[in-house]
Amino acid sequence: MMKRLDIRFDRETMDLLRSLIGKKMNKFMCQRRMYSAAVDEVVIFQIENVLYKLTNAYQDLEYMNHLDDVGVFKFGPASEDDIKWYEALYTPKLDMISTPIEQNIMEIRILHENQQLYHFGEQVNDVNIVRGVIFVMEDGLEIALEKDMWFSEFIYVTTGHNLMDEFRGIDETHLQTWKSDPEYEAKGSRELVVLK
């Protein structure tokens, strides 16, 4: 029997993201690791002096026939207490680092990924996730947030241009997991949704 899992943003989240188009992003904040674009679990945005957060937090889900901790992208309101809570998670304390932007958001790109798994030719899993989110600013600057592997809470945060080209391919994020098992075949595809 085929099992389906859809952990893309819900309609309410998509409406919230859509409402941010044309608004000024003051800055974003995250706990950067040395020599890496990876951050743990949360990026906080200040948009027109209101706080929002993108998290990649664990949820217990049945993912590819196993009950496991799966990192799930969520976007929603945040508070100053969120900042304090995330900073206090680490010993020694790991402060949020602010990156000033001070530009209007022109579009938001959401990369969906469909993951399929076949067992001896019969489809047994169909999973839909958010692989990444890119905020495009008025001068063309992009802020990209890419989800790490399913078992990780890391978010890769980069700024620059043409950042969709920098995302890891579906072969690296899904297909490679099943290459060594002759009983299974993995397939996948991606779809870009652009909010303007």
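About the thresholds
- Residues numbered from 1 in each chain as written.
- Predicted model: local features only at pLDDT ≥ 70, side-chain atom pairs only at ≥ 80, totals over all residues.
- Heavy atoms only, no water.
- Core = buried A, V, L, I, M, F, W, Y, C linked by side-chain atoms within 4.5 Å.
- Buried < 20%, exposed > 50% of the residue type's maximum accessible area, 1.4 Å probe, protein only.
- Contact = heavy atoms within 4.5 Å.
- 1 Å grid on protein atoms, 1.4 Å probe; cavity = no way out; pocket = protein on both sides within 12 Å on 5 of 7 lines; lining within 4 Å.
- Points joined across faces, edges and corners; volume = space filled by probe spheres on them.
- Helix = DSSP H or I, 4+ residues; strand = E, 2+ residues; numbered from the N terminus.
- Nonpolar A, V, L, I, M, F, W, Y, C, P; charged D, E, K, R; others polar.
- Arc of directions from axis to C-beta.
- Salt bridge = Lys/Arg side-chain N within 4 Å of Asp/Glu carboxyl O.

*Asks:* Mind showing me how you'd approach the nonpolar core here?
*Replies:* Core analysis: the largest hydrophobic core is formed by 30 residues, its most contacted members being Phe9, Phe45 and Phe135. Residues within four places of phenylalanine 45 in sequence aside, it is in contact with Met25, Lys27, Phe28, Val50, Leu51, Tyr52, Leu54, Phe75, Phe135 and Leu145. Listed in part, the 15 residues of the second largest apolar core include Ile7, Ile170, Trp178 and Ala186.

*Asks:* What am I meant to see in empty space enclosed by the protein here?
*Replies:* Empty space left among the atoms is revealed by rolling a probe the size of a water molecule over them. One pass over the full model with this rule turns up one cavity of 30 Å³ or more. The computed volume of the largest cavity comes to approximately 40 Å³. For the lining of the largest cavity, the secondary-structure elements that each account for two or more residues are β6 (66-77) and β8 (122-137). Looking at the lining of the largest cavity residue by residue, the classes come out as six nonpolar, two polar and three charged.

*Asks:* Quick question: what am I supposed to make of helix α1 (residues 11-19) here?
*Replies:* Thr13, Met14 and Leu17 are the residues of α1 that are buried. Seen along its axis, α1 keeps its buried residues to an arc of 100°; they face one direction. Seen from the buried face of α1, the exposed residues on the opposite side, beyond 90 degrees, are Arg11 and Glu12. The secondary structure elements touched by the buried residues of α1 are β6, β7 (97-119), β8 and β11 (184-195).

*Asks:* Explain the pattern of salt bridges here, please?
*Replies:* Summed over all chains, the structure comprises twelve salt bridges. A salt bridge links glutamate 62 to lysine 3; the shortest N-O distance between them is 2.6 Å. Linking glutamate 62 in strand β5 (residues 50-63) with lysine 3 in strand β1 (residues 3-7), this pair joins segments that are 59 residues apart in sequence. Classification of lysine 3 as partly exposed rests on a relative accessible area of 35%. Glutamate 113 is paired through a salt bridge with arginine 131; the nearest N and O atoms lie 3.0 Å apart. Of this pair, glutamate 113 sits in strand β7 while arginine 131 is found in strand β8, placing the two residues 18 residues apart along the sequence.

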